[in-house]
Each structure stands twice: as C-alpha cells, then as structure tokens.
Amino acid sequence: MRKRLGFVFWVAVAYLVVLAVAAVFADVLPIKDPAETFPGTSKQGPSLSHWFGNDGVGRDVFSRVIYGAQVSLVISTVGTVLALVIGGLLGMVSGYYSSRVDRWLTATLNASLVIPPLILFLALVLFLDGEAKRRIFILVFTFVLLSIAPIARVVRAATLSWAGQDFVLAAKTLGARDGRVLFREILPNVAPSFVSYSLIIMAGLIVVEGSVAFLGLSVPPPTPTWGDMINKGRTNLDVAAHISLMPAIVMFVTVLALNFVGDKLQQYFEPRESVL
Amino acid sequence: MKQAVRDQLGRIIAAALLATIVWAWFWRPPFSWTFGVLVVIGTVGAGIADGRYALRRIAGVIPVLVGVSFVVFALMASLPGDPAINILGPAATADQIAIVRTELGLDEPFFNRYGNWLGGVLTGDLGTSIVLREDVADGISRSMTPTLQIMAYSVVIALGFAVPLGIWAGYRQGTKTDGAINNVMLGFLATPNFVLAVMLVLFLAIGGLSVAGNEIGVRVLPAARYVPLGEDVVLHFKHMLLPSLALAMGQAAVFMRLLRSDMIATLRLPFIDLARSKGLPTRRILWRHALRPSSFTLLTVVGLTVGLLIGGALIVEFIFTIPGVGAYIFLGVTQRDFIAVQGGVLVISTLYIVVLTMSDFLYLALDPRLRGREVGARA
C-alpha cells in the first residue's frame, strides 16, 4: 500500500507557506502600515477595509499580525536550525561513540534539563536591555540552549539504532573513517526523524516566544509580536475581543499546522506508532 | 517479614505519601519539613526495594544540584551593571555605593561569594531580597502554596480527562472515535496555555463574543484573584478552576497520547485474550487488567511534566494575578532583584530534581519487574 500524506497535510503546508511568504514580503505587499493609527477606528470590529479589525488605538490588526509573524518565524526558525545543527551533532556523536563519551554527554544533557525552560528564560532575560538587536540575539541564544537537549536525545536514540545495522559494520570493515560513517552512512538515515521533529521543536519555540512576549519581555514595542498583541488586547477583552482573538487564532493555527505537519512526516518516514 | 514488606511496597509507599500530604495540609508545617518527610519516605521505600540503586541515584543527584546552584549563581553574578547602583539609583554617591557593596558582599572574590551563598542555602538562608527587603526563603515558601495548588489541581484535571479518553481511544484504535479524540487533543496540544487562559476568561468569565447582538459565552466564573483555601473553600475552588484548566488541557493531551499508545500495545498481549475468553465485561478488562500495565510510562511522564507545569504556572499566575512563586520570580526579574531570582530559580530546580528522583523511586516501588535492574534511560 502506498503511503499518503493526506489532504489536510497539504492544506497545513500551504497555510505555512502563505504565512511565511506574507511575513517575508510584508514590506512589499499592499498591506497597511502596522504603526499607523487610523482616526476614529479604535476598537472597531473586523470590516472590509480592516480585515481583522482595529486595536485599542486604531491600528490595523491584520497588518500587525503579519508583521508579528516576522518576529515569531525568524526567531523560531533561526533557533531551530542552530539547535538542530548543534543538538544533532551532539546526539550523533553521543549515539555513535559508545560508553564514556556517551555517558558524559547524556549526563550533561540531562542535567541541562533540570531547570524548567521558562524559569531559566526569566533568569536570562535579566540580561536583556538595550536595543532590539541585542534582545533578539539573546532570545535566539536562549531558545537554542533550550532546544539542544531534546533534539540531541531524539537524534541519539535514532543513531543508536542505525549504528548497529549491518551496512554500518560493512562500511567500517571497508576501512571508512568515523567521520565518513557518521555523515555518509548514518546521517541520511537519521535525517528524516530529526527534520520532522524539528518542526515540532519550532512550534514549541513559537509558543515560548509568544509566552515571553505575552509577559512583555520579548522584542520591545513598537515592533508588533503576537504575544504582546494578545496581552495588550486583554484590557479590551469585554468590548473588543477581536484584538486578542485574532492574533491568538493565527498563532493557534500556526502551531497546530507545524505540529500536524511534523506528526504526519514522522508517521510517513517511520510507520511505527509515534509517541508524543 | 521483610519479604511481606517488599510485596506490599507500592501500597505502603503510596499510603505514606498520601498521609504526609494530608498531614501537611492540615498541620501546615514549614515547607521544608514536608519536603524532607517526602524525601525520607521515598528513599526508605527505594532502599527496601533496591538499596544499591537508590544509593547510586541519590549520589547522582548531589553533583547535579551543586552544578545547578553554580550555574544560577554565576549567571546572576555576571549580570551587566552594578547591583548596588541598581538598588540606589543613578544619583547615588560613591560612599553609598561602597556601603551597599560591602553589605551585599560584592567586594569579595567570586568563589568566596559563591561559598558564602551556598553555605547559607544549606542552612535554609537564601538571603534578603533587595527590593522587598524580606527574607527570600520566607517569600518563596509563602508563594509556594498557590503554585503547588494550581499544579496539583491541573495534574488531577489532566488525568481526569486523559485516562478515560486514552483508554477509550486505545481500545477503539483506528476508528472514527479514536480519530476524533486524537484530533481534539492535538488541538489542545497546539494551544499555548496563555492563549487558552485568555479564551477561557473570554468565554466563561466575561460573557464572550457578541455577534449580531447575541452573546456567545457565559459569565459563570470569576476572572482573576486568589482566595486562600483557609478563607473560603468554595470561592477558592471557583477561582482556581480557570487557571488550573488553562494549565491542564495541554498536559491532558500529552498524557492521553501516551496512555493511548501504551494501551494499544497492552491490548495485543495474550492475557487480554484470556480475560476476554473468560467472558469478562469490556469495561472491567480495560480498567482493571489493561490500565495498570499501561500506566507506567504515564506515571514517569507525570513526574517529568512538573518542569513544564512550573513554567506554565508562571504565565497563568501572571494572567489570573495569583501570588505564586512564578509571580515572585517575575517580580524579581522586572525589578532586577537578583537575590530573589537566584533563590527562586534554585528552589524550583531543586524541587524539580527531587520530584524526578521521587518518580523514579515510585516507579520502582510500583513495578516489581524493575527491581534489581537499572531503570533505563527515560523519555
């Protein structure tokens, strides 16, 4: 039976692509300026000229959501890619070289998991002051720190199972060096599982960024972020719920789509029942 | 005698833990006592079940704790800016700064300061908060109660949703029911807890959306505020319901998916066929025969999620204005009160490590098959 990804999978992929394109080309696309206040439109609900309505001071929520996607997507993508490279490497090394290296790496990674992520984050946020660029740098740094351990674990487990296979033994018998075995023999087999897992990590990072922005500790205003929009909208929740609701829905759909795509890919590459 | 204790270990330990919690609830001893008693029970239990393993495990925890304390302290010590200036404000004179620096011990070398702090920590002294001018240990144990309450309620709620749904979805694997349960739970997994919290407030507390003059939503629950349990039990639970729900649903999704896949594996085993051929009703097979062997992974993961819950509790405390430990650390962060922050982070990490170790021991006590062999690397 041929495996299929299904219709919903492609809808989710299409949504993610549209969102990414919109965020990347936000400056060129014919959408409104996210900082412009439209007089007399404060707290107005969705309309034809303002698709997602206007916020407390009359700014266009739709364009703010699109510009907010820039922050979320950039931080989570960069964070995931860096974490993937570092965590993937550590995981492969740890899974391939047995005994001592493995034991030390695993112990260190486990120890790094004992500080709850958001709390560690808060401690690091104390370093945040100064301009937006420095903040983004520290945010990305923290996100990488947070996601290395989980990625390394998954990759380690996958490497461990592939390293015992006959073709690896064959390569070694032919005299291949460790580097070659790792990158030419094992990496192609491990890659699918960590690519699909990375999407789930990315969804997680979007949530963390949202939480941090919600607490007012992410990229400072006037740059719009989803979390900050949801938080600011809370003061008008009873009269103009759309100010919080719209970014919340977009964020929900984005995270859902990423999780779904990651899940499906994992099932596609690895037919056994996946957990978590 | 010893054999009899060994056989009943799971029940004895569970009963002892429950008794401790009830005792702590009514007697209200200092937080560290409760903590100590819980640790002692777990250790003794693990010692009876498998002494060597317990010893090794505890010996392994100590370096981790020291490492964490060092990382936290080093992090706070390397903060940019002079803490003395942060306290006094930019208008301070050099003399004043010198006095405050001596008071905080900032003139001493790094390792002396770390040693002093660690010595204080071991005797229960976390220092005095810079901003609140209050003992940090007092502040944390005061704010610990609401946080632990939220976490406990949300674990109960999450299991309340996850166990029946997980059993049912596992039993009905591959059907539409299974698919529906899975998709709904995937939805909850994708909802950040602050989004869920805002939505819950919107639809259950303040009347919801009004579309064309009709309200979609109700006003049945209070939106924010913390009422201590001792003050008014009904009000307490009313106020805690929304925060706990907001925290619980994401966990429920994780638990449910775990239990479902373990149930599927268990239901394929021969003893289920035996139970079926004896003519036992399905409900009894699922709840009495299949649930117990399927729930071990779930149990460990419940322990592991404490770390996530603490982060989530922080957000939920922020939204519902609950004076918990997350709010305490958050206040410390916004006011650059590094003594309060390092104390809070250390206490939470310690709590987490202890819970993790304890859940390992509980695992050992509950599942006799594991005794005498290493509890393997876990999720």
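What counts, and where the lines are drawn
Residue positions are given per chain, counted from 1 along the sequence in the order it is written. Labels are handed out in written order, letters beginning with A for the chains and numbers beginning with 1 for the ligands. Under the rules for a predicted model, residues below a pLDDT of 70 receive no local features and side-chain atom pairs below 80 are neither given nor counted, while totals for whole chains, interfaces and linings still include all residues. Numbering of helices and strands starts at the N terminus; helices are DSSP runs of H or I of at least 4 residues and strands are runs of E of at least 2. Throughout, a residue-residue contact means that the two C-beta atoms, derived from backbone geometry, are no farther apart than 7 Å. Note on scores: pLDDT gives the predictor's confidence for each residue, bounded by 0 and 100. By convention in this section, buried Ala, Val, Leu, Ile, Met, Phe, Trp, Tyr and Cys residues joined through C-beta atoms within 7 Å make up a nonpolar core. We call a residue exposed when 12 or fewer other C-beta atoms sit within 10 Å of its C-beta, buried when the count reaches 20 or more, and partly exposed for counts in between; the C-beta positions come from the backbone. Lines fitted to C-alpha atoms define the axes here, with helix axes fitted over just the stretch in contact, and angles between the N-to-C directions of these axes take values from 0 to 180 degrees. By definition, turning the near helix anticlockwise from the far helix through less than a right angle yields a left-handed crossing, and turning it clockwise yields a right-handed one. Asp, Glu, Lys and Arg are counted as charged, while Ala, Val, Leu, Ile, Met, Phe, Trp, Tyr, Cys and Pro are counted as nonpolar; the rest, among them Gly, fall into the polar class. Every helix has an expected span of 1.5 Å times one less than the residues it contains. For classification, angles of less than 35 degrees are called roughly parallel, those exceeding 145 degrees roughly antiparallel, those between 65 and 115 degrees roughly perpendicular, and all remaining angles oblique.

What to know about the overall build of chain B
Piece 1. When helices and strands are tallied, chain B shows 16 helices and 2 strands.
Piece 2. Sequence separation of at least 24 residues holds for 67% of the intrachain contacts in chain B that already meet a minimum separation of 6.

Topic: the overall build of chain A
Piece 1. When helices and strands are tallied, chain A shows 9 helices and 0 strands.
Piece 2. For chain A, contacts bridging at least 24 residues in sequence account for 69% of all contacts bridging at least 6.

A closer look at the environment of valine 144 of chain A
Residue and element names in this part refer to chain A.
Piece 1. With respect to the helices, strands and loops of the structure, valine 144 is situated in helix H5 (residues 132-163).
Piece 2. C-alpha of valine 144 to C-alpha of alanine 83: the two residues are 61 residues apart in sequence and 4.9 Å apart in space.
Piece 3. If near-sequence neighbours (up to four positions away) are discounted, valine 144 is found in contact with Gly79, Leu82, Ala83 and Ile86.

Looking at the confidence of the model for chain A
Piece 1. Averaged over all residues, the pLDDT of chain A equals 78, while 87% of them reach at least 70.
Piece 2. When pLDDT is averaged over each element of chain A, helix H1 (residues 7-24) of chain A comes out on top at 87 and helix H4 (residues 117-125) of chain A at the bottom at 70.

Remarks on the nonpolar core
Piece 1. If you look at the biggest cluster of nonpolar residues, it comprises 151 residues, and the most contacted ones within it are Ile151 of chain A together with Ala197, Val198, Phe255, Val316 and Ile329 of chain B.
Piece 2. Excluding residues that lie within four positions of it along the chain, isoleucine 329 of chain B makes contacts with Ile119 and Leu122 of chain A together with Val341, Gly344 and Val345 of chain B.

Comments concerning the packing of helix H11 (residues 270-277) of chain B against helix H12 (residues 282-294) of chain B
Residues and elements named next belong to chain B.
Piece 1. Relative orientation of the contacting elements H11 and H12 amounts to 145°, with a least axis distance of 11 Å. As for how H11 packs across H12, the hand of that crossing is right-handed. Across the interface between the two elements, Ile272, Ala275 and Arg276 of H11 pack against Ile285, His289 and Ala290 of H12.
Piece 2. Here the contact of H11 with H12 is built from residues that sort into 4 nonpolar, 1 polar and 1 charged.

Considering helix H9 (residues 242-269) of chain A
Piece 1. If you check H9 of chain A, its first and last C-alpha atoms are 40 Å apart, about what 28 residues at 1.5 Å a residue would give, namely 40 Å.
Piece 2. H9 of chain A sits mainly inside the fold: 20 of its 28 residues count as buried.

Some words on the packing of helix H8 (residues 226-233) of chain A against H9 of chain A
Residues and elements named next belong to chain A.
Piece 1. At a minimum axis distance of 7 Å, the contact between H8 and H9 shows a crossing angle of 150°. Looking at the two axes, H8 sits roughly antiparallel to H9. Like other packed secondary-structure pairs, H8 and H9 cross with a definite hand, here left-handed. Taking contact as the criterion, the partners of Trp226, Met229, Ile230 and Gly233 in H8 are, on H9, Ile243, Ser244, Pro247, Ala248, Val250 and Met251.
Piece 2. Across the contact of H8 with H9, the residue classes tally to 8 nonpolar, 2 polar and no charged.

Describing the confidence of the model for chain B
Piece 1. Here chain B averages 76 in pLDDT, and 78% of its residues register 70 or above.
Piece 2. Here the predicted complex carries an ipTM of 0.79, next to a pTM of 0.77.

As for unusual backbone geometry
Residue and element names in this part refer to chain B.
Piece 1. The backbone phi angle of threonine 321 is positive, close to 40°, even though this residue is not glycine.
Piece 2. In this fold, threonine 321 is placed in the loop between helix H14 (306-319) and helix H15 (325-334).
Piece 3. In this structure threonine 321 comes out as exposed when scored by C-beta crowding, with 11 C-beta atoms within 10 Å.

Describing the environment of asparagine 236 of chain A
Residue and element names in this part refer to chain A.
Piece 1. One can find asparagine 236 in the loop between H8 and H9.
Piece 2. Among the residues examined, asparagine 236 registers 16 C-beta atoms within 10 Å and is labelled partly exposed.
Piece 3. For the pair asparagine 236 and alanine 35, spaced 201 residues apart in sequence, the C-alpha separation works out to 19 Å.

Details of the environment of alanine 171 of chain A
Residue and element names in this part refer to chain A.
Piece 1. In this fold, alanine 171 is placed in helix H6 (residues 166-173).
Piece 2. Sequence separation of alanine 171 and arginine 184 is 13 residues, and the distance between their C-alpha atoms is 9.8 Å.
Piece 3. Once residues lying within four places of it in the same chain are set aside, the contact partners of alanine 171 are Ala176, Val181 and Glu185.

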